[in-house]
Each structure stands twice: as structure tokens, then as C-alpha cells.
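A closer look at the structure
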Amino acid sequence: MPVVNRIADYADEMKTWRRHLHQIPELALDLPKTAAFVAERLREIGVDELHEGIATSGMVAIINGQGEGPTIGLRADMDALPIPEETGADYASAHAGNMHACGHDGHTTMLLGAAKYLAETRNFRGRVALIFQPAEEAIGGARIMVEEGIMERFDIGEVYALHNAPGLPVGQFVTTPGALMAAVDTFHIHIQGKGGHGAMPHETRDPVMAACGIAQAIQTIVSRNHHTLEDLVVSVTQIHTGTVDNVIPDTAYINGTVRTFNPQVQKMVMQRMQEIVAGQAASYGVEAELEYEVGYPATINDPEKAGFAVEVAREISGTDNVEPDGGREMGAEDFSYMLQARPGAYLFLGQGESAGLHHPKYDFNDEIAPIGASFFARLVERAQPLS
């Protein structure tokens with residue numbers, strides 16, 4: 001079965017929706033224009049219930065099927081990124097400094113397309129809960145929605161999401177049973193030394209050398225402190241210090257990211273980083289403080305639900321265009337909080353060759369919107385059939 005024919009009829013309308021959303025990118029929880037547009041479309045579509053103001057600008061729309069049955073959740077993220085757009089598109093961002101550089105405008109459009117079809121046909125039992133979520137890129141809007149009780153309030157039994165994937169062929173689905181994406185943590189290291197003239201380093205406690213020593217020592221966590229069969233990334237991504245060539249500064253700052261799957265590995269990294277920062281600070285005669293922020297947990301698909309989602313994806317794109325065991329990656333996603341709360345699955349949908357995610361020239365491929373919408377619609381019909 002290819003793309004649902006009725007959804008294919010919406011292709012131009014979905015493109016119009018998506019390109020309007022692309023022009024009004026908003027950040028984190030503050031999505032007034034985006035949320036208003038989505039709510040207006042949902043009312044036009046004819047959802048049975050619309051619950052707004054969840055996690056500030058998120059919402060859950062309910063579509064009732066025919067007869068009693070469970071509730072299946074479908075999620076789309078709505079927020080954008082603080083990146084100046086360089087696509088040159090005639091529908092480019094009208095909000096300077098912000099852009100939809102990750103395709104959340106497309107994700108929202110796919111779920112709206114599925115909503116329109118499901119509200120028209122209602123070829124399923126029970127209910128579908130359409131989850132439109134803010135703040136995936138920062139803060140963790142999924143966590144906030146879960147903490148505000150959407151799973152219990154709407155009796156959601158299972159939950160699914162899609163993300164576009166540049167570089168994969170158009171329409172190709174990729175997922176994996178179990179762990180799919182890593183947990184993500186952030187570390188900040190503040191170093192306090194004693195500055196002075198660059199020609200008289202003996203009178204200083206040099207935070208620059210301390211920063212170099214700490215950054216190098218941190219790399220030994222991966223190379224010497226963990227089992228090589230456990231996935232782990234520790235990346236120093238920023239070092240800021242100094243102003244001119246002949247002055248040793250007073251302070252330095254180090255920032256970076258940690259990606260893990262195993263909570264024991266995460267705990268080990270936290271302990272070793274504390275020890276390394278303290279030890280290196282002592283050896284260089286400076287003071288150093290580590291701030292370790294635990295972020296999104298690992299995104300772990302329920303194996304049974306992932307297998308079911310693969311079956312549905314094969315109906316839409318064909319057996320050869322679905323990779324059911326594509327392995328795991330070190331990226332992160334706050335849908336992990338929803339998968340902690342309910343069984344479900346997260347899949348990638350290929351959008352062809354394009355600029356990468358979070359790139360200023362990235363743009364969502366409107367060609368895949370009907371494919372994603374068809375996947376969501378058939379997922380509901382297959383999970384909760386009328387007979």
C-alpha cells in the first residue's frame with residue numbers, strides 16, 4: 001500500500017501549512033503564533049476535543065473513533081532554533097535570528113495531515129491523542145507535558161513519533177528495537193586562577209594551562225575508564241579565556257557534552273569528571289568548579305511497538321525501503337520522556353539529500369509530508385481496527 005490516496009490529495013494544502021509555519025519560527029515554550037495556527041487548523045479539521053496551554057503552548061487534540069477502545073498517542077514537535085536562516089526561500093523565516101532548521105514545521109504538518117484524514121474517516125476504534133509539543137530543542141517540552149499528566153489525563157496507552165532524516169532516501173523509514181538515541185548531559189567548568197603579565201608567568205596561576213590540562217585529561221574517561229563495548233562520547237566543545245597576547249587571564253571556562261546509554265556509564269563519567277577537575281586544579285594551583293547537568297534520557301523504543309511500527313512503515317514505503325534494525329546513534333531527543341511513560345516507538349523518515357539538521361541552509365522536504373501523515377494514519381487504523 002503506498003501513500004494513502006486521500007492524504008495525497010492534501011499535499012498542496014499541507015505544503016501551504018508547512019511553509020506558513022516555516023515563516024513564523026518560535027523558540028522553546030514561547031510559541032504563540034505557531035500554537036494559534038495549529039489550533040485553528042485543528043478546529044477546521046473538526047477534532048472532538050482540543051486542550052490548549054499544556055507546557056505553556058503545547059496542546060492535545062482528541063479524535064474519537066467508532067466504538068470503545070484504547071487511546072493511541074501521536075506526537076509532533078513545534079519549536080524552532082536560534083539560527084539565522086540562509087535558505088533563500090521565498091517562504092524563509094520572518095523572525096530574524098530564528099529558523100526551522102530541524103524540520104519541526106514538517107513534523108507538525110505531517111501530524112495535521114493525519115489528523116485531517118482521521119477526523120474524516122474515523123476508521124478505527126477508541127481514540128487518537130494528537131500531541132503537539134513545544135521545546136524539544138531546549139528545556140524538554142516532552143518532560144513538562146508528561147509531568148503535567150497528559151498520559152493519565154488522556155488515558156494514552158502507547159505513543160509514537162517521527163523525525164525527518166537528511167541523507168536518507170525519500171520515504172525510507174529507519175528505526176531499531178530498544179535503545180535508539182543516547183542520553184545527553186552538559187558540563188560547565190569554571191576555572192579561577194590569578195592573572196598577570198605574559199612575560200612574568202611565575203607570578204600567576206595560569207587558568208589557560210589548567211584549561212588545556214583539564215580538557216586533555218577528560219578525554220581519558222573514554223579511552224581509559226570505560227569498557228570499549230559501551231557507547232560513550234565526551235566532547236569538549238568550548239574553551240573561553242583571555243583577551244590579548246601579553247596578558248595571562250584570571251579565569252577560563254570549559255563546556256561540553258556527554259552522550260551515554262547505560263546509567264552506570266553516566267554515573268562513572270560524572271564521578272571521574274569530578275575527580276579530574278579537582279586533581280588538575282590542584283596540580284595547576286587554581287580553583288575549578290564543575291557543573292554537571294543531567295539532560296534528556298536515552299530514547300528507548302519498546303521492541304514490540306517498534307516491530308509493529310516497522311510493519312506499518314512497510315505498508316507505506318515497501319519492505320525494501322524500511323530498515324528495522326538501523327542501530328543506535330549518539331544524538332538525543334526529548335521524546336525519550338514519553339517513551340519512559342508509555343511504550344511506543346520513534347522512527348526516522350528519509351527526506352533525500354539536503355543540508356543537515358541544524359544547518360542554516362536546511363529546509364524540510366515537502367514531498368515527504370504525505371508519507372509521514374500516511375504512516376501516522378495507518379498506525380492508528382492498524383493498532384485499533386474496527387474489526
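Every chain's residues receive numbers from 1 upward, in the order its sequence appears when written. This being a predicted model, a pLDDT of at least 70 is required before a residue's local features are given, and a value of 80 or more before pairs of side-chain atoms are given or counted; all residues contribute to the totals for chains, interfaces and linings. Neither water nor hydrogens contribute to the side-chain values; these are computed over all heavy atoms in the structure.

All right, on to the overall build of the protein then. The helix and strand tally for the protein stands at twelve helices and 16 strands. In terms of overall dimensions, the protein is globule-like: its C-alpha atoms have a radius of gyration of 24 Å, near the 21 Å expected for 387 residues. Along the first, second and third principal axes, the C-alpha set of the protein runs to 80 × 45 × 40 Å. When a residue's accessible area, from a 1.4 Å probe over protein chains only, is under 20% of the maximum for its type it is buried; when over 50% it is exposed; and in between it is partly exposed. By the burial criterion, 53% of the 387 residues in the protein qualify as buried. Whether two residues touch is decided by their heavy atoms; if any such pair falls within 4.5 Å, the residues are in contact. Relative to all contacts within the protein whose residues are 6 or more apart in sequence, the contacts with residues 24 or more apart total 82%. For the area figures, the Shrake-Rupley method with a 1.4 Å probe applies, and any residue is considered shielded solely by the protein chains shown. When the accessible area of the protein is evaluated, it comes to approximately 15800 Å², of which 49% is carbon and sulfur surface. Put simply, the protein has 27 plus and 52 minus side-chain charges, and the middle of one group is 3 Å from the middle of the other. Helical segments are the DSSP runs of H or I of at least four residues, strand segments are the runs of E of at least two, and each set is numbered from the N terminus. As defined in this context, the radius of gyration uses C-alpha atoms, and a globule is described by 2.2 Å times the residue total to the power 0.38. When charges are tallied, Lys and Arg are placed among the positive residues and Asp and Glu among the negative ones, while His and the ends of the chain are skipped. In plain terms, the charge of a residue is placed at NZ if it is Lys, CZ if Arg, CG if Asp and CD if Glu.

This next bit is on the sheet that holds strand β6 (residues 173–174). Strand order in this open sheet of eight strands is β1-β2-β4-β3-β5-β16-β6-β15, and the pairing throughout is mixed. Whereas interior strands pair on both sides, the edge strands pair on one side only; in this sheet they are β1 (49–54) and β15 (322–323). Sheet topology places strand β3 (residues 71–77) next to strand β5 (residues 156–165); five bridges connect them, and they run parallel. Opposite Arg75, over in β5, you have Ala161 as the bridge partner. Lying on the sheet, helix α4 (residues 104–121) is in contact with β2 (58–64), β3, β4 (127–133), β5 and β16 (344–350); it crosses β3 at an angle near 145 degrees. One bridge is not enough; two strands pair if DSSP finds at least two bridges between them. Axis lines are fitted to C-alpha atoms, over the contacting stretch for helices. Their N-to-C directions set the angle, which ranges from 0 to 180 degrees.

Attention now moves to the nonpolar core. Counting 59 residues, the largest nonpolar core has Leu42, Leu130, Phe132, Phe173 and Phe375 as its most contacted members. For Phe132, the residues in contact, after removing those within four places along its chain, are Val38, Leu42, Gly58, Met59, Ala76, Met78, Thr108, Leu111, Leu112 and Met145. Here, nonpolar core means buried Ala, Val, Leu, Ile, Met, Phe, Trp, Tyr and Cys residues that are tied together by side-chain atoms lying within 4.5 Å of each other.

Another point: the sheet that holds strand β12 (residues 251–260). Taking strand neighbours across the sheet as the criterion, the four strands line up as β10-β12-β8-β13 in an open arrangement whose pairing is antiparallel. Across the chains shown, the open sheet's two edge strands, defined by having one partner strand only, are β10 (232–241) and β13 (287–294). Pairs of neighbouring strands in the sheet enclose a mean axial angle of 15 degrees, with direction left out of account. Both strand β8 (residues 183–192) and β12 contribute to a ladder of ten bridges, which runs antiparallel. Its bridge partner lying in β12, Phe187 is registered against Gly256. On the sheet, helix α7 (residues 207–218) packs against β8, β10, β12 and β13 and is oriented at approximately 155 degrees with respect to β8. Packed onto the sheet, helix α9 (residues 263–284) meets β8, β10, β12 and β13 and runs at close to 165 degrees relative to β13.

This brings us to the packing of helix α3 (residues 32–45) against α4. Running from N to C, α3 and α4 point in directions that differ by 15 degrees, and their axes come no closer than 9 Å. The angle between α3 and α4 places the two elements in the roughly parallel class. α3 and α4 meet at a crossing whose hand is right-handed. Listed contacts from α4 to Val38, Arg41, Leu42 and Ile45 of α3 are Thr108, Leu112, Ala115, Lys116 and Ala119. Angles below 35 degrees are treated as roughly parallel, those above 145 as roughly antiparallel, those between 65 and 115 as roughly perpendicular, and all remaining angles as oblique. The handedness criterion is simple: a crossing whose near helix is rotated anticlockwise from the far helix by less than a right angle is left-handed, and one whose near helix is rotated clockwise is right-handed.

Before going further, it helps to examine the side chain of Glu381. When you line up the elements, Glu381 lands in helix α12 (residues 369–383). There is a polar contact of 2.8 Å between the side chain of Glu381 and the side chain of Tyr117. For Glu381, the side chain forms a polar contact with the side chain of Arg378, separated by 2.9 Å. For this analysis, a polar contact is any N or O atom pair within 3.5 Å, provided that within protein one partner can donate a hydrogen and the other can accept it, and provided that sequence-adjacent residues contribute only side-chain to side-chain pairs.

In this structure, the largest pocket encloses a volume near 430 Å³. Every residue lining the largest pocket is counted, 18 residues in all, and those nearest its centre are Glu136, Glu137, Ala332, Glu333 and His358. Here a cavity denotes grid points, spaced 1 Å and computed from the protein atoms alone, that fit a 1.4 Å probe unable to get out, and a pocket denotes an open set having protein on both sides within 12 Å along at least 5 of 7 lines; residues with an atom within 4 Å of a point are the lining. Grid points are joined across faces, edges and corners, and a volume is the space filled by probe spheres set on the points. Computed from the structure, the second largest pocket encloses a volume of approximately 210 Å³. Residue lining of the second largest pocket: 15 residues in total, with Phe261, Pro263, Pro297, Ala298 and Gln340 positioned closest to the centre. When contributions to the lining of the second largest pocket are tallied by element, the ones reaching two or more residues are α9 and α11 (335–341). Take the lining of the second largest pocket: its biggest share by element is three residues, from α11. For this classification, Asp, Glu, Lys and Arg are treated as charged, while Ala, Val, Leu, Ile, Met, Phe, Trp, Tyr, Cys and Pro are nonpolar and the rest, including Gly, are polar. Of the residues in the lining of the second largest pocket, the class split is nine nonpolar, six polar and no charged.

Centre distance within 6.5 Å is the pairing criterion for rings of Phe, Tyr and Trp, where only the six-membered ring of Trp is used; planes under 30 degrees apart are then read as stacked, over 60 as edge-to-face, and the remainder as tilted. Evaluation of the coordinates by the stated rule reveals five aromatic pairs. With 5.7 Å between their ring centres and 40 degrees between their planes, Phe335 and Tyr346 make a pair best called tilted. Of this pair, Phe335 sits in helix α11 while Tyr346 sits in strand β16; the two residues are eleven residues apart in sequence, bridging distant segments of the chain. Judged on exposure class, the residue Phe335 and its partner Tyr346 are both buried. Look at Phe375 and Phe376: their rings are 5.9 Å apart centre to centre, the planes differ by 55 degrees, and that puts the pair in the tilted class. Take Phe375 and Phe376: they sit in the same class, and that class is buried.

A separate point is the pattern of salt bridges. Side chains that carry opposite charge are capable of pairing whenever their charged atoms lie near each other. Salt bridge, as used here, is a side-chain nitrogen of Lys or Arg placed within 4 Å of a carboxyl oxygen of Asp or Glu. Tallying each qualifying case throughout the model produces 24 salt bridges. Ionic pairing is found between Asp9 and Arg6, a salt bridge with its closest N-O pair at 3.5 Å. Residue Asp9 is classed as exposed on the basis of its relative accessible area of 57%. The salt bridge involving Asp105 is made with Arg18; its shortest N-O contact spans 2.9 Å. Here Arg18 lies in helix α2 (residues 11–23) and Asp105 lies in helix α4, a separation of 87 residues in the sequence. Here Asp105 falls in the buried class, since its relative accessible area comes to 1%. Residue classification places Arg18 among the buried positions, given a relative accessible area of 1%. One connected set of salt bridges, linked through shared partners, spans Arg18, Arg19, Asp105, Asp363 and Asp366.

Interpretation in functional terms is not warranted from these geometric data alone.
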